[in-house]
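# Overview (structure and organization)
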Amino acid sequence: MDKKITMITFCISTYNNLEYLKIAVDSVRKNSYYKDSPFIIHAENCNDGTDEWLDENSERYNLEYYIDKNEQPIGIGGGMNFCADRVKTEYIMFLHSDFYVTPNWDKALMDTHNKYPNEKLWVNSHRVEPQMFPNSQSRPGTVVVDKEIFGAYHNDFNSEFFDKYAEQFTSENDFEIPKGEGVSGLIKKEHWDEIGGNDSLFAPASYDDMDLFLRMLQSGFRFILPTTSLVWHFGARGSHRLEENDGRSSERQILSEQANMRKWISKWGRPPMFDEYGMIKDFD
């Protein structure tokens, strides 16, 4: 497909993650192949200057943005639903607010999508992230590196060095992993609508992506993670709030994970199960 006729919409839902959001937005407009595509941002309950920054920079980055103040937060999963409801293009590209995307990352995902024109797909990028969590290790689809290599924070991240790494990585690796990563992926709008998006049961955080992927599996979706698309992931900064909590997850995240495990079991009847790639799998 030619980039002039292929239309995707970039979508980000964010919560008090301004410094990383700035990096994400700028990288999408700078490095994307489809850089002029629509861009929707949902900002919920932010008090860190995000609302003001969006207002001041929406024209510069050509953003369609929405400010929500919810007594009962809908979280990232609900924010994905919110954005998707407003998408008018054929494809939706969901992103984290703590991503930095490398040159042509989106074209690589679209090229992968186009290889399987008759299938329902969720296609997402290979990730590299700093070792922010104790004992975190590289796993299929994610390379965990020392914080000193590329930096680990918004004020020390070396994007030029990472772009060079990405160019080498994507040129030397060309294979697909049958795996989905939460909150980030390319999907046809009609297929998103068919599956019904994220279940609000799991708002504001955790288990919603596993629930979504399990329903997708049961509906015949295929998950593909190509090595030809690479992004930097700062490491769940928008949900775990590591810098605010001395490296520990936020209370909201901890409480959500505890509550949503119980909700998951109540909905599905058993804990989630995973395959050798760390991907949720259907029950036998």
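Heads up: these notes are all about the structure in this document. As the structure is a computational prediction, the values presented were derived from the model and not from experiment.

Moving on: the side chain of Thr 112. For Thr 112, the position within the fold is in helix H4 (residues 105-114). Dropping the residues within four chain positions of it, Thr 112 is found in contact with Val 123, Glu 176, Ile 224 and Pro 226.

Tallied over the full model, the rule gives 27 aromatic pairs. With a centroid separation of 5.1 Å and 85° between ring planes, the pair formed by Phe 150 and Phe 162 is classed as edge-to-face. Pair noted here: Phe 150 is in helix H5 (residues 147-150) and Phe 162 is in helix H6 (residues 159-172), with a separation of 12 residues, a long-range link. The same class applies to Phe 150 and to Phe 162, which are both buried. Ring geometry for Phe 150 against Trp 232: centres 5.6 Å apart, planes inclined by 70°, an arrangement best described as edge-to-face. Taken together, the residues Phe 150 in helix H5 and Trp 232 in strand S12 (residues 230-233) connect sequence positions 82 residues apart. By the burial criterion, Phe 150 is buried, and Trp 232 matches it. Here the aromatic cluster, defined as three or more aromatic residues joined through ring pairs, consists of Tyr 20, Tyr 100, Phe 150, Phe 157, Phe 161, Phe 162, Tyr 165, Phe 169, Trp 232 and Phe 234.

Let's shift gears to the sheet that holds strand S8 (residues 142-145). The strand order S5-S12-S7-S8 describes an open sheet built from four strands, whose pairing is mixed. The two strands at the open ends of the sheet, each matched to only one other strand, are strand S5 (99-101) and S8. Along the sheet, successive strands turn relative to each other by an average axial angle of 25°, direction set aside.

Let us now look at empty space enclosed by the protein. The final tally for this structure, using the stated rule, is one cavity of 30 Å³ or more. For the largest cavity, the calculated volume is near 40 Å³. Of all elements in the fold, only strand S4 (91-95) and H4 reach the threshold of two or more residues within the lining of the largest cavity. Across the lining of the largest cavity, the residue classes break down as seven nonpolar, four polar and no charged.

What follows covers the pairing of S12. Successive residues of a regular strand alternate their side chains across the two faces of the sheet. Along S12, one buried face is formed by Leu 230 and Trp 232 and the opposite face, lined by Val 231 and His 233, is buried too. Relative to S12, strand S7 (residues 126-130) is paired through three bridges, and the arrangement is parallel. Bridging from a neighbouring strand, His 126 pairs with Leu 230 of S12.

Now for H6. An ideal rise of 1.5 Å per residue puts 20 Å on 14 residues; H6 measures up with 20 Å between its terminal C-alpha atoms. Looking only at H6, the buried set comprises Phe 162, Asp 163, Ala 166 and Phe 169. Along the long axis of H6, the arc covered by the buried residues comes to 130°, so they all point the same way. Those residues of H6 that are exposed and aimed more than 90 degrees away from the buried face are Glu 160, Lys 164, Glu 167, Ser 171 and Glu 172. Looking at the buried side of H6, the elements it contacts are helix H1 (18-31), S5, S7, H5 and S12.

Across the seven residues that make up strand S1 (residues 8-14), a large majority, seven, are buried. The side-chain alternation of S1 yields two buried faces, one formed by Ile 8, Phe 10, Ile 12 and Thr 14 and the other by Thr 9, Cys 11 and Ser 13. Sheet topology note: the S1/S4 ladder contains five bridges and is parallel. Paired with Cys 11 across the two strands is Phe 94, which belongs to S4. Pairing of S1 with strand S2 (residues 39-44) involves five bridges; the strand directions are parallel. The residue of S2 that forms the bridge with Ile 12 is Ile 41. One crossover worth recording links S1 to the parallel S2 by way of H1, and it is right-handed.

Attention shifts here to helix H2 (residues 50-61). If you check H2, its first and last C-alpha atoms are just 14 Å apart, much less than what 12 residues at 1.5 Å a residue would give, namely 16 Å. Residues Thr 50, Asp 51, Trp 53, Leu 54, Asn 57, Ser 58 and Tyr 61 constitute the buried set of H2. Summarising the axial view, the buried residues of H2 lie within an arc of 145°, below the 170-degree limit, and thus occupy one face. Exposed side of H2, more than 90 degrees from the buried face: Asp 55, Glu 56 and Glu 59 are the residues found there. Just downstream of H2 lies Asn 62, where phi reads positive at about 55°.

The rules behind each value
Residues numbered from 1 in each chain as written. Predicted model: local features only at pLDDT ≥ 70, side-chain atom pairs only at ≥ 80, totals over all residues. Heavy atoms only, no water. Helix = DSSP H or I, 4+ residues; strand = E, 2+ residues; numbered from the N terminus. Contact = heavy atoms within 4.5 Å. Phe/Tyr/Trp six-rings, centres within 6.5 Å; stacked < 30°, edge-to-face > 60°. Buried < 20%, exposed > 50% of the residue type's maximum accessible area, 1.4 Å probe, protein only. Pairing = 2+ DSSP bridges. Axes fitted to C-alpha atoms, helices over the stretch in contact; angles between N-to-C directions. 1 Å grid on protein atoms, 1.4 Å probe; cavity = no way out; pocket = protein on both sides within 12 Å on 5 of 7 lines; lining within 4 Å. Points joined across faces, edges and corners; volume = space filled by probe spheres on them. Nonpolar A, V, L, I, M, F, W, Y, C, P; charged D, E, K, R; others polar. Expected span 1.5 Å × (residues − 1). Arc of directions from axis to C-beta. Right-handed = clockwise from strand over helix to strand, strands pointing away.

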